[in-house]
Amino acid sequence: MDQKERCQNSSFLPKRRQELLKWNGWGYKDSKFMLKDSAIMFSGERYPIGHGERLPLFLRWVETELGLDTSVQYHPQPEPAEQDYPPPNVRQEFLAALTAAGISHSVAGDDRLWRSHGHTMHEIFALRSASLPPLVDVVVWPESHEHVVRLVQLSGEHDVALIPYGGGTSVTGALLRPAGEPRTVASVDTSQMARVLSVCPTNLTARCEAGIIGQDLERVLQSQGFTCGHEPDSYEFSSLGGWVATRASGMKKNVYGNIEDLLVHVRLVTPRGVLERGCRAPRLSAGPDLHQVVLGSEGTLGIITEVTLKIRPVPPCRRYGGLMFPQFVCGVRFMRDVAARRLQPASVRLMDNEQFKFGQALKTASGSFGWIKSALQKAYITKWKGFDPDTLCIATLMFEGTEQEVAEQERRVLELATTHGGFSVGEENGKRGYMLTFVIAYIRDLAFDFQMLSESFETSMPWDRCLTVCDSVKRRVRQECSDRGVSSVFITCRVTQTYDAGAVVYFYFAFCYKGVADPVRMYEDVEAAARDEILRCGGSISHHHGVGKIRQRWMEETVSAPGLGVLRATKQYLDPHNVFACGNLYGQLPEPASKL
């Protein structure tokens, strides 16, 4: 077999990731939105919106559209000192066994805190308020599959519960220590298992350790002339093992597929042993696909240690595009036709009018980041084309392939757009819209400073329910907020993925919580109502974020009572003593065998 060995650890993450990333917010320490000199700007040079440029319209937008008083800024509480952390509940015998096995570990308070939470709004709000979550007792850093096998053995011998930890980007409460867990709880940080073990140009596969972060995986592959093409919004910080464990989807799935389409082979270390296929063949008809047991298991069954993925040569051409439609309904019909005619670019995403206006507010002083850069463009759109600024919407496109393939696809997509009343707004707008994906998560941290809560949630639905879900959820959110006395509400959506049989919709929801007694509880109640509305209208519990702990209440409705029984029976067999006690999907403990 023609393989190129790549055995170096390539992680951009330091072992103590708090040296690079924020402890109580999203992303890099040097990257953030901030209010300075009566304007909002973005710091750092990691993103195209940065370089210290002012966003003169953004401040006006948050004050007028969201009713925020930006004259009063609330700063988060400082990071706790070591003496402020509760002591760990861990026996010296277990730590000595880890040392003897050569497995690095730490009981330091900041290491434990970092791995005791994810990135839901609730979790980050609590950190900023100096309210610590229940902490894991010890962090372990295995460096190989063999380390993980030994760790699982030791956990059984010492009655220790394990919670796998990859990139830490979970937005489902999946990393929270379950309430009432009396045992020692160890967080298994896979970041030191970050090697691309081999690349096979003949089979177009790459065998990788599961802890590798998305940007590192892509950098190593591209240095060899390949790509896996999987690019979720959290791509900069999320791990390969996390993608498999949550059945992740990426922005370019139209060309490369979702993670289940890319998966060739996976190794899962369970208390019963290593679950894996005996070969790396592309397909196997021996009964139900055991890969599906691992995909979406969310840390409940074991630790993913290795993943073999499909890869492709880096495409020689990439181009972006932007389309504008007079109304959201026209854009949705365009998206449906794109899928029906199999014209999907690598990425095609449709933003509603509220999100279009939000993008306009993010224009820099030089006009280099919004959608409409000049008065002439605005006049053309509103007067010549007759588009209403309060109804128009934007679609962003990314094409990948050969020059000829991209040119032909661009032509056909634009031709289809015109039949739905759309027209091109240029490559630069498409590129900006695509890049906005990576900075939008930073806005939530700024919002906290001015008493505003914000979060996103996603779903998928059949095409004939798409507009109904979008309209009904927005209406339900506004009504739920109004019933609670909150009038400054922002609710927007975008269609982010297209399939033959349906679409994916992302909602962004924010409100000013000034005067609200328990804003986190209110948010969670409103989002739960929105989730009820999604399911009532024919949408799914989730498309790619998973279930974790916050969506368990809808699991039986989603998979049926017998389906939930199958999941619990699988848990009972692979992990009879509940070593992997994260409590995701269906609760903390499996039902006793007699009830199954």
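Residues numbered from 1 in each chain as written. Predicted model: local features only at pLDDT ≥ 70, side-chain atom pairs only at ≥ 80, totals over all residues. Heavy atoms only, no water.

A.B. asks: In this structure, what is going on with the confidence of the model for the chain? I would like to understand it.
C.D. replies: As a note on interpretation, predicted positions should not be read in detail where pLDDT is low. On average, residues of the chain score 92 in pLDDT, and 94% of them are at 70 or above. Low pLDDT, under 50, characterises residues 1-7; the predicted model gives this stretch 24 contacts beyond four residues in sequence or across chains. Low pLDDT (under 50) marks residues 590-596, which in the prediction has 11 contacts with non-local residues, meaning those over four places away or in another chain. (pLDDT = per-residue confidence, 0-100. Contact = heavy atoms within 4.5 Å.)

A.B. asks: For this particular structure, what's the right way to read the packing of helix α4 (residues 121-128) against helix α15 (residues 427-448)?
C.D. replies: Between two packed helices, what matters for the description is the angle formed by their axes and the separation of those axes. It is at 11 Å that the axes of α4 and α15 come closest, and there the two elements cross at 45 degrees. Judged by the inter-axis angle, α4 sits oblique to α15. For the pair α4 and α15, the sense of crossing is right-handed. Every residue of α15 that contacts α4 at M121, I124, F125 and R128 is listed here: R444, D445 and F448. (Axes fitted to C-alpha atoms, helices over the stretch in contact; angles between N-to-C directions. Helix = DSSP H or I, 4+ residues; strand = E, 2+ residues; numbered from the N terminus. Parallel < 35°, antiparallel > 145°, perpendicular 65-115°, else oblique. Left-handed = near helix turned anticlockwise from the far one by under 90°.)

A.B. asks: What is the right way to read the packing of aromatic side chains from this model?
C.D. replies: The description of two aromatic rings rests on the distance between their centres and on the angle between their planes. Scanning the model with the defined rule gives 23 aromatic pairs in all. Centre to centre, the rings of F358 and F490 are 6.1 Å apart; their planes meet at 40 degrees, and the pair counts as tilted. With a gap of 132 residues between them, F358 in helix α12 (residues 353-361) and F490 in strand β21 (residues 489-498) connect regions that are remote in the sequence. Residues F509 and Y523 carry aromatic rings whose centres are separated by 5.3 Å and whose planes lie at 20 degrees to one another, so their mutual orientation is stacked. Linking F509 in strand β22 (residues 502-512) with Y523 in helix α17 (residues 519-536), this pair joins segments that are 14 residues apart in sequence. Here F509 falls in the buried class, since its relative accessible area comes to 1%. When its relative accessible area of 2% is taken as the criterion, Y523 is described as buried. Put simply, the rings of F33, F42, Y47, F58, W61, F358, Y442 and F490 pair up and form one aromatic cluster. Between R115 and the ring centre of Y165, over which it is positioned, the NZ or CZ distance is 5.8 Å. The side chain of R272 reaches across the aromatic face of Y573, ending 4.2 Å from its centre. (Phe/Tyr/Trp six-rings, centres within 6.5 Å; stacked < 30°, edge-to-face > 60°. Buried < 20%, exposed > 50% of the residue type's maximum accessible area, 1.4 Å probe, protein only. Lys NZ or Arg CZ within 6 Å of the ring centre and 35° of its normal.)

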